[in-house]
Amino acid sequence: MPVLQPSADGARLLSDYHLATLSTFARDASIHVVAVGFTFEDGVVRIITSDGSQKVRNIERDPRASVGQVSGPQWLSISGHAVIERDPDAVARAVELYARRYRQPRPNPRRVVIRITPERMLGSAGVWV
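These numbers were taken from a predicted model, which means no experiment stands behind them.

(A) Local environment of the sheet that holds strand β7 (residues 111–123). Spatially, seven strands are ordered β2-β1-β5-β6-β7-β4-β3 in an open sheet, and the strand pairing comes out antiparallel. Strands with a single pairing partner mark the edges of an open sheet, and in this sheet they are β2 (31–36) and β3 (39–41). Averaged over neighbouring strand pairs, the angle between their axes works out to 30° when direction is ignored. Here eight bridges tie strand β5 (residues 64–71) to strand β6 (residues 74–85), and the two strands are oriented antiparallel to one another. Bridge pairing links Q69 to L76 in β6. This element, helix α1 (residues 8–15), spans β3, β5 and β6 of the sheet and lies at about 60° to β6.

Structure follows, in structure tokens:
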């Protein structure tokens, strides 16, 4: 499936301060859902987190992941293949994007990036073009 682009309304939804949920698969195959902040740029999702967190361990075991966001009647879902990035430049870029959308995160020497390459993108009418 080709990566879709956000419409003007979708771009606002993806840039305004809205938290989302990240869904991954736990060891017992149940769904692990946590609240996250995320960014969407260059056709990929980026989430900053601490190395060794449950979501990181889940992705290292099974790379399927999905981010969902709701704001009033607008919603979106981005699912795909996730990888953990530990490269300092990748982490710095993700922090920069996060700070633009949310706020400057606290220092964290164990910070990593969950990078999701979309395979399926859904949303309310008019979010994607």
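(B) Expanded view of α1. Residues G10, L13 and L14 constitute the buried set of α1. End-on, the buried residues of α1 take up no more than an arc of 95°, which puts them together on one face. The inward-facing, buried residues of α1 abut β3, β5, β6 and α3 (88–101).

(C) Geometry of the pairing of strand β1 (residues 20–25). Every second residue of β1 is oriented toward a common face, the buried set being A20, L22 and T24 and the non-buried set T21, S23 and F25. Of the pairings in the sheet, the one linking β1 to β2 comprises six bridges and is antiparallel in character. Directly across from A20, in β2, lies its bridge partner V36. The sheet contact formed by β1 and β5 spans three bridges and is antiparallel. Each residue of the ladder has a partner; that of S23, found in β5, is S66.

Reading the values: the criteria
- Residues numbered from 1 in each chain as written.
- Predicted model: local features only at pLDDT ≥ 70, side-chain atom pairs only at ≥ 80, totals over all residues.
- Heavy atoms only, no water.
- Pairing = 2+ DSSP bridges.
- Helix = DSSP H or I, 4+ residues; strand = E, 2+ residues; numbered from the N terminus.
- Axes fitted to C-alpha atoms, helices over the stretch in contact; angles between N-to-C directions.
- Contact = heavy atoms within 4.5 Å.
- Buried < 20%, exposed > 50% of the residue type's maximum accessible area, 1.4 Å probe, protein only.
- Arc of directions from axis to C-beta.

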